[in-house]
Amino acid sequence: MLRIMQLGAHALFVLLLAVGAARSAADGEHRPGALLLAGVVLVWYLLGMWFARRSAATGNDWYGRVWLGVLVLGWLGLAALSVNFVWLAFPLFFLCFHLLSTRSALASTVAITAVAVGAVLWHGTDNTLASILGPIFGAAAASGMAVVYQQLLRDAQQRRRLFDELTRSHNELLSAQDELASLQREAGAAGERARLARDIHDTLAQGFSSIVLLARAGQRSDEPTAILDQIAETAQDNLTEARRVVGALTPSALEDASLASALRRLLVQLREHTGIAGELVVDGEDVALPMDYDVALLRVAQSALANVRLHSAARQVRLTLSYGIDEVRLDVVDDGVGFDPDGEFASTSFGLRAMRDRLDSFGGALVVESAPGDGTALAATLPVGQEQR
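Summary of the structure given here. (Residues numbered from 1 in each chain as written. Predicted model: local features only at pLDDT ≥ 70, side-chain atom pairs only at ≥ 80, totals over all residues. Heavy atoms only, no water.)

## Some details on the pattern of salt bridges
Link 1 in the chain: One pass over the full model with this rule turns up 2 salt bridges.
Link 2 in the chain: Between R315 and D335 there is a salt bridge; the shortest N-O distance is 3.8 Å. Of this pair, R315 sits in the loop between α10 (291-312) and β2 (316-323) while D335 sits in the loop between β3 (327-334) and α11 (344-348), and the two are 20 residues apart along the sequence.
Link 3 in the chain: By relative accessible area, which is 31% here, D335 ends up partly exposed.
Link 4 in the chain: D331 is the salt-bridge partner of R329, the closest N and O atoms lying 2.9 Å from each other. (Salt bridge = Lys/Arg side-chain N within 4 Å of Asp/Glu carboxyl O. Helix = DSSP H or I, 4+ residues; strand = E, 2+ residues; numbered from the N terminus. Buried < 20%, exposed > 50% of the residue type's maximum accessible area, 1.4 Å probe, protein only.)

Right under this line is the structure:
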C-alpha cells in the first residue's frame, strides 16, 4: 500500500508537470521559459532519489529539506510564468508531510495554498470563487491523504522494528540454546568421566590391588598354588568388571543375585584373600530397589572393603544393610587401626571422595567415624520413596 501511494504521488507530479507544460505550449504564454523551467524542475525532482539515499545513509533529513525547498522555488517560478502549473501544488503537499514535521508541514501547506490562490488571481480568472476554493479543497484533501500515509508509514516502521526485535530475540534464543546444549554436553561428559573414574576405582583398581597383595603373599607362601588360583579368580572378576564398565552395564555381581547376595560374596572373597572375617546383617524387609541404588551401594561396599584390606589391619568387619521407611542404609564397621577423619588420608583419599560423589548424585550421604587405634565405622544412606520401591 505504501509503495503504491509513493508511486502514485510520483506519477501525479510528473503528470501535472507534463499537463502544465503542454497547456503552456498550446497557449503560447511564456512558452520558451516555461518549458525550460519545467525541464529543470523535472530533472531536480528525479534527483530527489539521490537526496533520499543520502538522507538514509547519513540519517540526516537536511538533504531532503534542501531538495524540497529548491523544488518549491522551482514551482513558484512556474506558477509565476503560467497558471497551468498552479495545480502542481497538490503533490507538493504530500512531499511537505513526508519530509517535514507535522507542524512545519501544516505551515508549508497553508503557505503553498495561499501562493496558489494568489497565482490564480494574479493571472486572472473568470471564476474567482472556484479559484479560491479549488486550492483550499485540494490542500485539505492532500493533507488528509498525507496524514493517512504518515500513519501507515509509522505503522510499517513500527512493525519492522518489532520484526527486527523478534528476529534478534530469536537469534539470541537460538544462541542461548546452543550454549546451553554445549554446557549440557560438557556437564554430561564430566559426569560420565567422574562415573567411570569411580567405577574404575571401585572395581578395577581394587581388583589390581588384591592381585598385588595375593602375589606378594604367594612369594612368601609354601603353597603358591592356592594363591595362584585366587589371583586367577580375581583377575577373571576384574576382566568381567572391565567389560561391564566399558559397556556401562549392570555389575556382574548383581546380574543374577540380590544386593545382599552380592555383599556376602564380597565378604567371602575378602576372607579368602586376606583372612579377615566378615559378617553381613540385613535389617528390615529386603525390598527391591532401583538398580542404580543397588549399584551405588555395591560400589560403596567394594571401596570400603578395599580400604579395610589395604589400610586397616583389621581382623573382622561387619556389614549391616538396613531397609527403612524412607531410606536404605549400609554400615561398614571394622576393628582395625583407624585413622584421623580430619587428617591427610581423609582429605586425599579418592575412594572416600568417590563414595560421597556417588551417593550425592542420588541425594544420599556418607558419614565416616574413626579414630587412631579405634577402628572405622562408615554409614552410606540413600533416600527411598514409595515410587522407588
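Having seen the structure, we can now continue with the description.
## Focus: the pairing of strand β4 (residues 365-370)
Link 1 in the chain: Alternating residues of β4 divide into L366, V368 and S370, all buried, and A365, V367 and E369, none buried.
Link 2 in the chain: In terms of strand pairing, β4 meets strand β5 (residues 376-383) through 6 bridges, oriented antiparallel. Its bridge partner being in β5, E369 is matched across the sheet by A377. (Pairing = 2+ DSSP bridges.)

## Remarks on the nonpolar core
Link 1 in the chain: Judged by nonpolar contacts, the single largest core of 38 residues is most densely connected at L263, V317, L319, V328 and L378.
Link 2 in the chain: Contributions of two or more residues to this core are made by α9 (259-274), α10, β2, β3, α12 (350-360), β4 and β5.
Link 3 in the chain: For this core, the element with the highest residue contribution is α10, accounting for 9 residues.
Link 4 in the chain: Residue contacts for V328: discarding those within four places in its chain leaves L289, Y293, L297, L321, S322, Y323, A380, T381, L382 and V384.
Link 5 in the chain: Grouped together as the second largest cluster of nonpolar side chains are 33 residues, A34, F85, F94 and A142 included. (Core = buried A, V, L, I, M, F, W, Y, C linked by side-chain atoms within 4.5 Å. Contact = heavy atoms within 4.5 Å.)

## Notes on the side chain of T376
Link 1 in the chain: Of note, T376 is situated in strand β5.
Link 2 in the chain: A polar atom in the side chain of T376 sits 3.0 Å from the side chain of S370.
Link 3 in the chain: Dropping the residues within four chain positions of it, T376 is found in contact with V332, V333, D334, G338, F339, V368, E369 and S370. (Polar contact = N/O pair within 3.5 Å; in protein donor to acceptor, adjacent residues only side chain to side chain.)

## Some words on the environment of V317
Link 1 in the chain: Inspection of the secondary structure assignment puts V317 in strand β2.
Link 2 in the chain: Spatially, the C-alpha atoms of V317 and D335 are 6.8 Å apart, while their sequence positions differ by 18 residues.

## A few points about the packing of aromatic side chains
Given two aromatic rings, their pairing is described by the distance between the two centres and the angle made by the two planes.
Link 1 in the chain: In the structure shown here, the tally under the stated rule is 3 aromatic pairs.
Link 2 in the chain: Aromatic pair F13 and Y45: ring centres 4.0 Å apart, planes at 10°, arrangement stacked. A residue pair is termed long-range when its members are at least 10 positions apart, and F13 in helix α1 (residues 2-27) and Y45 in helix α2 (residues 31-46) qualify at 32 residues. Each member of the pair, F13 as well as Y45, is classed as buried.
Link 3 in the chain: Seen in terms of ring centroids, Y45 and W67 are 5.7 Å apart; in terms of plane orientation they differ by 50°. Their pairing is tilted. (Phe/Tyr/Trp six-rings, centres within 6.5 Å; stacked < 30°, edge-to-face > 60°.)

## Some remarks on a nonpolar patch on the surface
Link 1 in the chain: Together, V14, L42, L46 and M49 line one region of the surface with nonpolar side chains, adding up to about 340 Å² of accessible area.
Link 2 in the chain: By the secondary structure assignment, M49 is in helix α3 (residues 48-58).
Link 3 in the chain: A relative accessible area of 54% places M49 in the exposed class. (Patch = residues over 30% accessible without salt bridge, like charges linked within 9 Å, V, L, I, M, F, W, Y side chains within 5 Å. Areas by Shrake-Rupley, 256 points an atom, 1.4 Å probe, with all protein chains shown as cover.)

## With respect to the sheet that holds strand β1 (residues 277-283)
Link 1 in the chain: Here 5 strands make up an open sheet; going across it, the order is β1-β2-β3-β5-β4 and the pairing mixed. Of all strands in the sheet, those with a lone pairing partner are β1 and β4, marking the two edges. Strand-to-strand twist in this sheet, taken as the mean axis angle between neighbours without regard to direction, amounts to 10°.
Link 2 in the chain: As paired elements, β2 and β3 share 7 bridges and run antiparallel to each other. The residue of β3 that forms the bridge with L319 is V332.
Link 3 in the chain: Packing of α12 onto the sheet brings it into contact with β4 and β5, and relative to β4 it is tilted by some 150°. (Axes fitted to C-alpha atoms, helices over the stretch in contact; angles between N-to-C directions.)

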